[in-house]
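Topology and contacts: notes
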Amino acid sequence: MAEKSRPSTGTTTDGGTPADVAAGARPPRRSEGPRVRPSNGLDRYFGISARRSTVTRELRGGLTTFFTMAYIVVLNPIILSGADITGATLPFASVAAVTALVGGVMTIAMGVVGRYPFAVATGLGINAIVAVFAATQLSWPEIMGLVVLEGLLITVLVLTGFRRAVFEAIPSQLKTAIAVGIGFFLTIIGLADAGVIRPGSPLISFGVNGQLAGWPLLVFVVGLLLTSVLVVRRVRGALLIGIVVSTVLAIIVEAVANVGPRVGADGSEVNPRGWALQVPALPDEVVSAPDLSLVGQFSLFGGFERIGVVAALLIVFSIMIADFFDTVGSVTAVGAEGGLLDEQRNLPRSQPVLLVDSVAAAAGGAASVSSNTTYVESAAGVADGARTGLASVVTGVLFLLAMFFTPLVEIVPSEAAAPVLVIVGALMVNQIRHLQWEDMTVVIPAFLTIALMPFTYSITNGIGAGVVSYVLLHVAAGRRREIHLLMWLISALFLVYFALEPLQQLF
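This report concerns the structure included in the present document. In this text, all values refer to a predicted model and were calculated from it rather than measured experimentally.

Description of the nonpolar core
Of all hydrophobic cores here, the largest spans 104 residues; its most connected members are I143 and F325. Ranked by residues supplied to this core, first place goes to helix α13 (residues 309-337) with 16 residues. Every residue in contact with I143, bar those within four places of it in the chain, is listed here: V130, F133, A134, L138, I315 and I319. In this structure, I72, Y375, M403 and V409 belong to the second largest nonpolar core, which totals 17 residues.

Next comes the structure, spelled out in structure tokens:
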């Protein structure tokens, strides 16, 4: 069977993939014969039957992905809420609405053009970098202009075939390590979002003063246990059910206990036992008109005038590297989870996916909400059954609706969505069985890739450490011929990326 030829996800004893099991699907059997022929135009266009999926599973997967990543509509305005060097700030409501707008449009484009279940939204980590540059060197329009240039540059690299060539040049073992590392990365994001792990001494602490204290943590624990049971019992829509039930429980808890937020309006922690991001309460209003005034508020070359050509180019380069390889990691990890990769761990027909992702980066800058990129949280929808671009269309439509129903989106607390990230992390770590543990020139780069993603909170850092160490160790072992030509270039670019701080000081 075609599914058996995909080493990226493996199979269970009865022939199904781990992702299918998590989605509650009945694993395909040898006796089922050839794949079902497309029943209509929708099926034929998205290849639903060809990927052994159904419209119902695609709709459910799209819903799950949306609710897993809807937090970005609230979190992005928080990250971009600071003043730039001129003292100007971005309006919170407008950032929220435009974040939903760009995410919705580009996710639909990903589904229609790319035809894979990848969702697109403002890139976490990249938006933090943008916020730092705005606070220290540039105005908001100027830094957003550099984001547009970065997106246009990556688009050129896609059109020339360079980005796809880089994607395929990375060794399959490193790609496997990337998928595993992102599994741990998602897990630590989920634990941090729920407040299970927090900044402490010397590094991180467990809960509140070493204890799982507070009602929000109870909601997370109940949600995690419930979702785990549903996954093990192969209940269809297990992840989506977990989010909905946890949200309802959170609303009841808040109504009874009046917990309140963990962080105050000034950004300081006022209640360590409070809700991390959204306070789950029924809103006073359901519909609100979106403020889209930020769209087009960027200065394409203003940054060059303010800080000089070299310094501005270094900023463009740093954002480009983060954007470029975050996508490589996300596409590899989500594709592996859904059994969508070929035997070389590459995504078939990846050019349209990379093109939409690159245009999304420029679109995010042009709309003043930072670079948009493919979300690794798409793996939640894939784990719940999504296999095609139809799921992305569903997610995108929900983002567009979120522009008008922002109060409803804010009901779902991070503690209710976090259990899904932990469960998906566990499914993705399962890829570790494909690693070869006998060759230390591969083991060490793979380990660094896996370790640095969660510990540095960056997909890019993990990939960079893996690439540089892979090239170095193969040279040291006298195996230069095994290194792809582009790996030398990628390694050199990462060396520049890791040395950006002294280079910026120099120029």
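Some details on unusual backbone geometry
Note: most residues except glycine have negative phi, and most peptide bonds are trans. The backbone of R349 shows a phi angle near 50°, a positive value even though the residue is not glycine. For R349, the position within the fold is in the loop between α13 and α14 (351-366). Not every positive phi belongs to a glycine, and Y457 is a case in point at roughly 60°. Relative to the helices and strands, Y457 is located in the loop between α19 (440-456) and α20 (459-476).

Here we look at the packing of aromatic side chains
Here the structure, examined in full by the defined rule, presents 11 aromatic pairs. Aromatic pair Y45 and F46: ring centres 5.0 Å apart, planes at 85°, arrangement edge-to-face. The interplanar angle of 80° and the centroid separation of 5.1 Å between the aromatic rings of F66 and F399 together place this pair among those described as edge-to-face. Remark: F399 occurs in helix α16 (residues 389-402) and F66 occurs in helix α3 (residues 55-69); sequence separation between them is 333 residues. Taken individually, F66 and F399 each receive the classification buried, so the pair is uniform in this respect. An aromatic cluster of three or more residues is present, and its members are F324, F325, F494, Y497 and F498. Over the aromatic face of Y116 sits the side chain of R51, whose NZ or CZ is 4.4 Å from the ring centroid. Its guanidinium or amino end placed over the ring of F324, R163 lies 5.0 Å from that ring's centre, counting from NZ or CZ.

What to know about helix α10 (residues 215-232)
Across its 18 residues, α10 extends 26 Å between first and last C-alpha, which sits within 8% of the 26 Å expected from 1.5 Å per residue. Listing the buried residues of α10 in full gives P216, L217, V219, F220, G223, T227, L230 and V231. Here the buried residues of α10 occupy an arc of 155° about the axis, which is enough to place them on one side. Exposed residues lying more than 90 degrees from the buried face of α10 are L225 and V232. One or two positions beyond α10, positive phi appears at R234, with a value near 60°.

Topic: the pattern of salt bridges
With the rule as written, the count across this model stands at 5 salt bridges. Where E142 meets R306, a salt bridge forms, and the shortest distance between an N and an O atom there is 2.5 Å. Of the two residues, E142 is situated in helix α7 (residues 140-159) and R306 in helix α12 (residues 302-307); the sequence distance between them amounts to 164 residues. Given a relative accessible area of 10%, E142 falls into the buried group. Among the residues examined, R306 registers a relative accessible area of 41% and is labelled partly exposed. A network of salt bridges, in which partner residues are shared, links D439, R479 and E482.

Things to note about empty space enclosed by the protein
Summed over the entire model, instances satisfying the criterion amount to 3 cavities of 30 Å³ or more. Approximately 70 Å³ is the volume attributed to the largest cavity. Lining of the largest cavity is provided by F67, T68, M69, A70, Y71, Q278, V409, V412, P413, S414 and A417. Contributing elements (two or more residues each) for the lining of the largest cavity: α3 and α18 (414-429). Among the elements that line the lining of the largest cavity, the one with the most residues is α3, at 3 residues. Here the residues of the lining of the largest cavity are counted per class, giving 8 nonpolar, 3 polar and no charged.

How each quantity is defined
One numbering rule holds for all chains: residues counted from 1, following each sequence as written. The model is predicted, so local features are restricted to residues of pLDDT at least 70 and side-chain atom pairs to those at 80 or more, both for listing and for counting; the totals for chains, interfaces and linings are taken over all residues. With hydrogens and water set aside, each side-chain value is computed from the structure's full complement of heavy atoms. Residues enter a nonpolar core if they are buried and are Ala, Val, Leu, Ile, Met, Phe, Trp, Tyr or Cys, with the set joined through side-chain atoms within 4.5 Å. When accessible area is computed with a 1.4 Å probe and restricted to protein chains, residues below 20% of their type maximum are described as buried, those above 50% as exposed, and intermediate ones as partly exposed. The secondary structure listing takes helices from DSSP runs of H or I that are at least 4 residues long and strands from runs of E that are at least 2 residues long, numbered from the N terminus. Any two residues having at least one pair of non-hydrogen atoms within 4.5 Å are treated as being in contact. Put simply, two rings from Phe, Tyr or Trp (the six-membered ring, in Trp's case) pair if the centres are within 6.5 Å, and we call them stacked under 30 degrees between planes, edge-to-face over 60, tilted for the rest. In our convention, an over-ring charge means Lys NZ or Arg CZ found within 6 Å of a ring centre and within 35 degrees of that ring's normal. Take the number of residues in a helix, subtract one, and multiply by 1.5 Å to get its expected span. Think of it as the arc spanned by the lines of direction from the helix axis to the C-beta atoms. Throughout this description, the term salt bridge denotes a Lys or Arg side-chain nitrogen within 4 Å of a carboxyl oxygen of Asp or Glu. Using only the protein atoms, space was sampled on a 1 Å grid; points where a 1.4 Å probe fits but cannot get out form cavities, open sets with protein on both sides within 12 Å along at least five of seven lines form pockets, and lining residues are those with an atom within 4 Å of a point. Grid points are joined across faces, edges and corners, and a volume is the space filled by probe spheres set on the points. In this count, Pro and Cys sit with the nonpolar residues alongside Ala, Val, Leu, Ile, Met, Phe, Trp and Tyr, while Asp, Glu, Lys and Arg are called charged and the others, Gly among them, polar.

Interpretation note: all reported values are geometric properties and have no functional meaning in isolation.
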